[in-house]
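Coordinate analysis (summary)
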Amino acid sequence: MSPKFGGKSQNMLSLLGKLLQLDVGGPAHVRIAALGLRNPWRFSFDRTTGDLWIGDVGQGDWEEIDVLRAGWTGVPNFGWDVWEGRARFEDKPLSPGKLVRPVAVYSHGAGCSVTGGFVYRGRTVPALAGRYVYGDYCSGTIWSLAAKQGKAVPRRERISVANLVSFGEDAAIVCGLGFFRGR
């Protein structure tokens, strides 16, 4: 157990810091689908690929974007509170599960609290097609990223939103982001 943070996200006996799967078809059953999350602030499934994208708020220095590709098996471990972003946070062993490294990180020099978004599948902004769009609450910065040769390539977008807390999809433009339609 972590002396600083209680180690709950790495403790399989706690439901804190976990992604849970609920079986609602029969008797109530909760299963830990992933562990090692600190504060996932918005997650979404890419409606084309089925990949799960997560914006996970950091503790001290790093904000991160995580992705689980569709069809993953086993119990993924996002690493908190052993890892924060790509940096070691505490010197202790990782709990069971396969470590999933973030696809993108940014320091608190660029913001303070990630807001997860969506993979853009609209037609209004072709330059965003297939890119995951996310932002930061404190700086208002909006980024997008796409995987190229297995690595994420973030790009700062030319828009900012003060106190950004969420994104939304608009079915009228096939899973687009509402704020790009010009409110």
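Each remark here, short or long, concerns the structure printed above.
As a starting point, this report considers the structure included with it. Numbers given to residues run from 1 along each chain, matching the order in which its sequence is written. For this predicted model, a pLDDT threshold of at least 70 governs which residues receive local features, and a threshold of 80 or more governs which side-chain atom pairs are given and counted, while totals over whole chains, interfaces and linings are taken from all residues. Only hydrogens and water are removed before side-chain values are computed, so all heavy atoms of the structure are retained for them.

**Points about the pattern of salt bridges**
Just so we agree on the cut-off: Salt bridges are counted wherever a side-chain nitrogen of Lys or Arg sits within 4 Å of a carboxyl oxygen of Asp or Glu. Only DSSP runs of H or I reaching four residues or more are called helices, and only runs of E reaching two or more are called strands; each is numbered from the N terminus. Summary of the burial criterion: residues with accessible area below 20% of their type's maximum are buried, those above 50% are exposed, and those between are partly exposed, where the area comes from a 1.4 Å probe applied to protein chains only.
Inspection of every chain in the model, using the stated rule, returns 7 salt bridges. Residue Arg 47 pairs with Glu 169 through a salt bridge whose shortest N-O separation is 2.9 Å. Placement of the pair is Arg 47 in the loop between strand E3 (40-45) and strand E4 (52-56) and Glu 169 in strand E15 (residues 169-170), with a sequence separation of 122 residues. Two residues, Asp 91 and Arg 88, come together in a salt bridge whose shortest N-O distance is 3.8 Å. The class for Asp 91 is exposed, based on a relative accessible area of 77%. Linked through salt bridges whose partners overlap, the residues forming this network are Asp 81, Glu 90 and Lys 92.

**Re the packing of aromatic side chains**
Selection rule: Pairing of aromatic side chains here covers Phe, Tyr and the six-membered ring of Trp, requires ring centres within 6.5 Å, and sorts the geometry by plane angle: under 30 degrees stacked, over 60 edge-to-face, intermediate tilted.
Inspection of the entire model under this criterion finds 5 aromatic pairs. Centre to centre, the rings of Trp 53 and Tyr 132 are 4.5 Å apart; their planes meet at 15°, and the pair counts as stacked. Of this pair, Trp 53 sits in strand E4 while Tyr 132 sits in strand E12 (residues 132-136), and the two are 79 residues apart along the sequence. Under the relative-accessibility criterion, Trp 53 is labelled buried at 7%. Relative to Tyr 134, the ring of Tyr 132 lies with its centre 5.7 Å away and its plane at 20°, an arrangement referred to as stacked. Grouping residues by exposure puts Tyr 132 and Tyr 134 together as buried. Here the aromatic residues Trp 53, Tyr 106, Tyr 132, Tyr 134 and Trp 143 are joined through ring pairs into a cluster of three or more.

**As for a nonpolar patch on the surface**
Which entries qualify depends on this criterion: Residues enter patches when they are more than 30% accessible in relative terms and free of salt bridges; like-charged ones are connected within 9 Å and nonpolar ones (Val, Leu, Ile, Met, Phe, Trp, Tyr) within 5 Å. All accessible areas in this document rest on Shrake-Rupley with a 1.4 Å probe, and a residue is counted as covered only by the protein chains that are shown.
Where nonpolar side chains cluster on the molecular surface, the patch consists of Leu 15, Leu 20, Leu 22, Val 24 and Val 30 and spans about 490 Å² of accessible area. Relative to the helices and strands, Leu 20 is located in strand E1 (residues 18-23).

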